[in-house]
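Chain by chain, the residues run as shown.
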Amino acid sequence: MIRLVLISREFENQSCRLDDGRHRVGRDRRNDIVILDNSVSGEHCELFVYGGELIIRERGSRNGTYVDGVRIKAQSGVKPGQTISLGQVEIRVELESLHDGSATSFTAMDDYRRIRHQAAETSVHATVLPIVFAPIPPASIEGSSDLGPEPPGTR
């Protein structure tokens, strides 16, 4: 399962899991994934997810869609660990594995049953769309403060 993690400071690691299928991304609230940032176009891009595969398709955004710093003109595959940039917003792509690698004494059939059970549990909790990412207020971001200077005599 694909997970998107927003790594831009103002979004402070907000994330979502993506179910298989097409997901429209942009600033407009009619998209499946809404990113409330002025550098993101109303209809920025589309994400196509099939298992562990992700394809991104540009939709004519004004600030561009990039994968690891390379602007895409039409569409591109995206691998886990790569970074997608939509305007000024950066997103890391992660792959959530259904197999945790810790079961070494199971037979292949036991492992298959366990994976199917986990997949069934995951499908019950399908992602609810739209997903809205909004910037975190500056006072909430580590190292930021909107409190102004300290009043005299408080030290």
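Residues numbered from 1 in each chain as written. Predicted model: local features only at pLDDT ≥ 70, side-chain atom pairs only at ≥ 80, totals over all residues. Heavy atoms only, no water.

Brief notes about the overall build of the chain
Looking only at helices and strands, one finds one helix and 12 strands in the chain. Beginning at the N terminus, the succession of helices and strands in the chain can be written as β-β-β-β-β-β-β-β-β-β-β-α-β. When each of the 155 residues of the chain is scored for burial, the buried share is 34%. The contacts of the chain with a sequence gap of at least 6 include a subset with a gap of at least 24, amounting to 46%. Accessible surface for the chain amounts to roughly 9,500 Å². Of this, 51% is attributable to carbon and sulfur atoms. (Helix = DSSP H or I, 4+ residues; strand = E, 2+ residues; numbered from the N terminus. Buried < 20%, exposed > 50% of the residue type's maximum accessible area, 1.4 Å probe, protein only. Contact = heavy atoms within 4.5 Å. Areas by Shrake-Rupley, 256 points an atom, 1.4 Å probe, with all protein chains shown as cover.)

Quick word on the sheet that holds strand β9 (residues 75-78)
The sheet built from six strands is open, its strands ordered β9-β6-β5-β3-β4-β12 with mixed pairing. Every other strand in the sheet has two partners, leaving β9 and β12 (131-133) as the edge strands with one partner each. Strand-to-strand twist in this sheet, taken as the mean axis angle between neighbours without regard to direction, amounts to 20°. In terms of strand pairing, strand β3 (residues 21-26) meets strand β5 (residues 45-50) through five bridges, oriented antiparallel. Looking at β5, one finds that Val25 is bridged to Cys45. (Pairing = 2+ DSSP bridges. Axes fitted to C-alpha atoms, helices over the stretch in contact; angles between N-to-C directions.)

Regarding unusual backbone geometry
You will see that Asn13, though not glycine, has its phi angle at about 60°, which is positive. Topologically, Asn13 is positioned in the loop between β1 (2-6) and β2 (15-18). Assessed through its relative accessible area of 52%, Asn13 is described here as exposed. Located in the positive-phi region is Asp68, a residue other than glycine, with phi close to 50°. Here Asp68 shows up in the loop between β7 (65-67) and β8 (70-71). Residue Asp68 is classed as partly exposed on the basis of its relative accessible area of 45%.

A few points about the confidence of the model for the chain
In low-pLDDT regions, the fine details of the predicted coordinates are not to be read closely. When the pLDDT values of the chain are averaged, the result is 81; 69% of them are 70 or greater. Under a pLDDT of 50 for its full length, residues 144-151 has, in the predicted model, six contacts with residues more than four places off or in other chains. (pLDDT = per-residue confidence, 0-100.)

A look at the nonpolar core
Formed by 25 residues in total, the largest nonpolar core has its most connected members in Leu4, Ile33, Ile35, Ile56 and Leu86. Those residues in contact with Leu4 that lie beyond four places of it in its chain are Gln14, Ser15, Cys16, Leu18, Ile33, Leu47, Ile91, Arg92 and Val93. (Core = buried A, V, L, I, M, F, W, Y, C linked by side-chain atoms within 4.5 Å.)

Focus: the pairing of strand β10 (residues 83-86)
Burial of the side chains of β10 extends over both faces: Thr83 and Ser85 are buried on one face and Ile84 and Leu86 on the other. Note: β7 against β10, three bridges, orientation antiparallel. What sits directly across from Val67, in β10, is Ile84. For β10 and strand β11 (residues 89-95), the ladder comprises four bridges, and the chain directions are antiparallel. Paired with Ser85 across the two strands is Glu90, which belongs to β11. Remark: two residues form the turn of the hairpin made by β10 and β11, two consecutive strands paired antiparallel; Gly87 in that turn has positive phi of roughly 60°.

Quick look at the environment of Val34
Turning to its location among the elements, Val34 is positioned in strand β4 (residues 33-35). We classify Val34 as buried; its relative accessible area is 0%. For the pair formed by Val34 and Arg24, sequence separation is 10 residues and the distance between their alpha carbons is 8.5 Å.

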